[in-house]
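# Structural features, examined
Here is what each chain is made of, one letter per residue.
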Number of protein chains: 2
Amino acid sequence: VIVISAEEARTWYEEDDPVHGLDHVLRVLGLALKLGEELGADLEILKTAALLHDAQGAHPGEGEDRLSHEQASALFAAEVLKEKGWDESSIHDVQHCIRTHRFRGSERPQSLEAQILFDADKLDVMGAFGAARTIGYAMQAGQPIYSPVSDQFLETGEPQAGESHSAYHEYIFKLRVVRDRLYTEPARRMAEERQVILETFFEGLAAEAAMSAHVDP
Amino acid sequence: VIVISAEEARTWYEEDDPVHGLDHVLRVLGLALKLGEELGADLEILKTAALLHDAQGAHPGEGEDRLSHEQASALFAAEVLKEKGWDESSIHDVQHCIRTHRFRGSERPQSLEAQILFDADKLDVMGAFGAARTIGYAMQAGQPIYSPVSDQFLETGEPQAGESHSAYHEYIFKLRVVRDRLYTEPARRMAEERQVILETFFEGLAAEAAMSAHVDP
């Protein structure tokens, strides 16, 4: 089959979007290939799925009412690969990886390649890059870096009246538990250090916010 | 004198700018008052200077060719305080704090209040908030989270041809040495934990970038 090159992928992603742009996709590619080599996965399927997994907008507000970004990207992938003469079965394998890579998605990854893509994508919401991208996403969505988390949000994930969603909320709701959702052993191993960085950063935010609070005299 | 309230300061800052917006100013206020109480500073001067210190645009590209943001904010402060009937000497004290708060500025803080404002402002470029704001500033300026640092940049602070400035560059050039520039002892004490978080975060970026690099097969 004709594979996709990282060069070709450049045309699908924004160079200057630090959250879901080209840099993120290339890091996911690198991590996926590393995991794939260790686990003996089909690297052609994996590489192709990694390069296409966010090709159709994973930005704030996009794809929420309409087709979700993983569904839209899977359809886009089929178009691209059909044009390159890929067979139906391989296209299906790539699509399965893309459709199931999302943490909040409804469909779970079944194939080894899909589980690896899921894990590689999740490793990039952990660690320093995960923290940085979460700050970036909050900025794109007009949300603050930090705002206090209510007991209701802690228990249910639903903000109470007047509570603004912040990057810290995303950590409480999702980032800090992503590690427990990883599928492969080498990804869980790579997640150890990233979990420490993630907790250091976000618990640091909460501590510093408390330390810099003031009472209007 | 009639003091400025945090409520009044709201009108000078953007609510949704996580880098130099209202949240930053209120954290600097909180830190400055904490340091000022411990060191016996004039809290009225300090509070007023903190609330006004970035009132005239500290955004990428702003105030670089024209008046620098600390000069412009000092002029703005004088206008505001004259209108409130402040005496010239107090206005001068506030202006000195504002003019000397900048790391890259040419004038150094001489009064206790100016040294405290400098330190409070610098504590907010350290730690988790410092890391988050540096990511935010890079996004505002269209710069990446991370790009490799050349030997030339390490030695001189000048990028070599084709080297893009990233948030990581800002850490190498400025953030990691800010601690050594603090003036007051309690600020240096508060900087300890923040230095650890800063290094953990940015060294994490470099390590994760290396780990997720790929060679195009």
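Keep in mind that this is a model prediction, so the values were computed, not measured.

About the thresholds
- Residues numbered from 1 in each chain as written.
- Chains lettered and ligands numbered in written order.
- Predicted model: local features only at pLDDT ≥ 70, side-chain atom pairs only at ≥ 80, totals over all residues.
- Heavy atoms only, no water.
- Least-squares fit on C-alpha atoms with pLDDT ≥ 70 in both.
- Contact = heavy atoms within 4.5 Å.
- Buried area = accessible area lost by both parts, 1.4 Å probe.
- Salt bridge = Lys/Arg side-chain N within 4 Å of Asp/Glu carboxyl O.
- Polar contact = N/O pair within 3.5 Å; in protein donor to acceptor, adjacent residues only side chain to side chain.
- Helix = DSSP H or I, 4+ residues; strand = E, 2+ residues; numbered from the N terminus.
- Nonpolar A, V, L, I, M, F, W, Y, C, P; charged D, E, K, R; others polar.
- Phe/Tyr/Trp six-rings, centres within 6.5 Å; stacked < 30°, edge-to-face > 60°.
- Buried < 20%, exposed > 50% of the residue type's maximum accessible area, 1.4 Å probe, protein only.
- Expected span 1.5 Å × (residues − 1).

## Focus: the relation of the copies chain B and chain A
- Superposition record for chain B on chain A: RMSD 0.0 Å, screw rotation 180°, translation along axis 0.0 Å. When the rotation and shift are considered jointly, the pair of chain copies conforms to a two-fold rotation axis.

## Some words on the interface of chain B and chain A
- Listed per partner, the contact involves 41 residues of chain B and 41 residues of chain A.
- Taken together, both faces of the contact between chain B and chain A bury some 3400 Å²; the carbon and sulfur share is 71%.
- Sorting the residues of chain B by area buried against chain A places Phe129, Met139 and Glu208 of chain B first, and these three jointly supply 19% of that buried surface.
- Applying the counting rule to chain B against chain A returns zero salt bridges.
- Here chain B and chain A share six residue pairs in polar contact (both at pLDDT 80 or more) between them.
- Breaking the side of chain B that touches chain A down by element, the ones donating at least two residues are helix H2 (22-39), helix H7 (127-140) and helix H10 (185-211) of chain B.
- Here the side of chain B that touches chain A gets 11 residues from one element, more than from any other, and that element is H10 of chain B.
- For the side of chain B that touches chain A, the residue count by class is 25 nonpolar, eight polar and eight charged.

## So, the environment of Tyr146 of chain A
- Note on placement: Tyr146 of chain A falls in the loop between helix H7 (127-140) and helix H8 (151-156).
- Put simply, Tyr146 of chain A and His169 of chain A are 23 residues apart on the chain and 7.7 Å apart in space, counted from C-alpha to C-alpha.
- What Tyr146 of chain A contacts, discounting residues up to four positions off in sequence, is Ser166, Tyr168, Leu205, Ala206 and Ala209 of chain A together with Phe129 of chain B.

## Regarding the environment of Val215 of chain A
- Note that Val215 of chain A resides in the segment after helix H10 (185-211).
- The spatial distance from the C-alpha of Val215 of chain A to the C-alpha of Asp17 of chain A is 38 Å, given a sequence separation of 198 residues.

## Some remarks on the packing of aromatic side chains
- By the definition in use, this model includes 17 aromatic pairs over all chains.
- For the ring pair Phe201 of chain A and Phe202 of chain A, a centre distance of 4.9 Å and an interplane angle of 85° mean the geometry is edge-to-face. Across the pair, exposure class does not vary: Phe201 of chain A and Phe202 of chain A are buried alike.
- Three or more aromatic residues joined by ring pairs make a cluster, and in this case those are Phe129, Tyr146, Tyr168, Tyr171, Phe201 and Phe202 of chain A together with Phe129, Tyr146, Tyr168, Tyr171, Phe201 and Phe202 of chain B.

## So, helix H5 (residues 88-99) of chain A
Residues and elements named next belong to chain A.
- Spanning 12 residues, H5 covers 16 Å between terminal C-alpha atoms, matching the ideal 16 Å at 1.5 Å per step.
- Listed as buried for H5 are Ser90, Ile91, Val94, Gln95, His96, Cys97, Ile98 and Arg99.
- Tucked inside the fold, the buried residues of H5 contact helix H3 (43-52), helix H4 (69-83) and helix H6 (112-123).
- Looking at where H5 begins, the residue whose side-chain oxygen comes 3.1 Å from the main-chain nitrogen of Ser89 is Asp87.

## A look at the side chain of Thr134 of chain B
All names here are of chain B.
- Positionally, Thr134 belongs in helix H7.
- A distance of 2.7 Å separates the side chain of Thr134 from the backbone oxygen of Gly130, its partner in a polar contact.
- Not counting chain neighbours up to four residues away, the residues in contact with Thr134 comprise Ala167, Glu170, Leu175 and Phe202.

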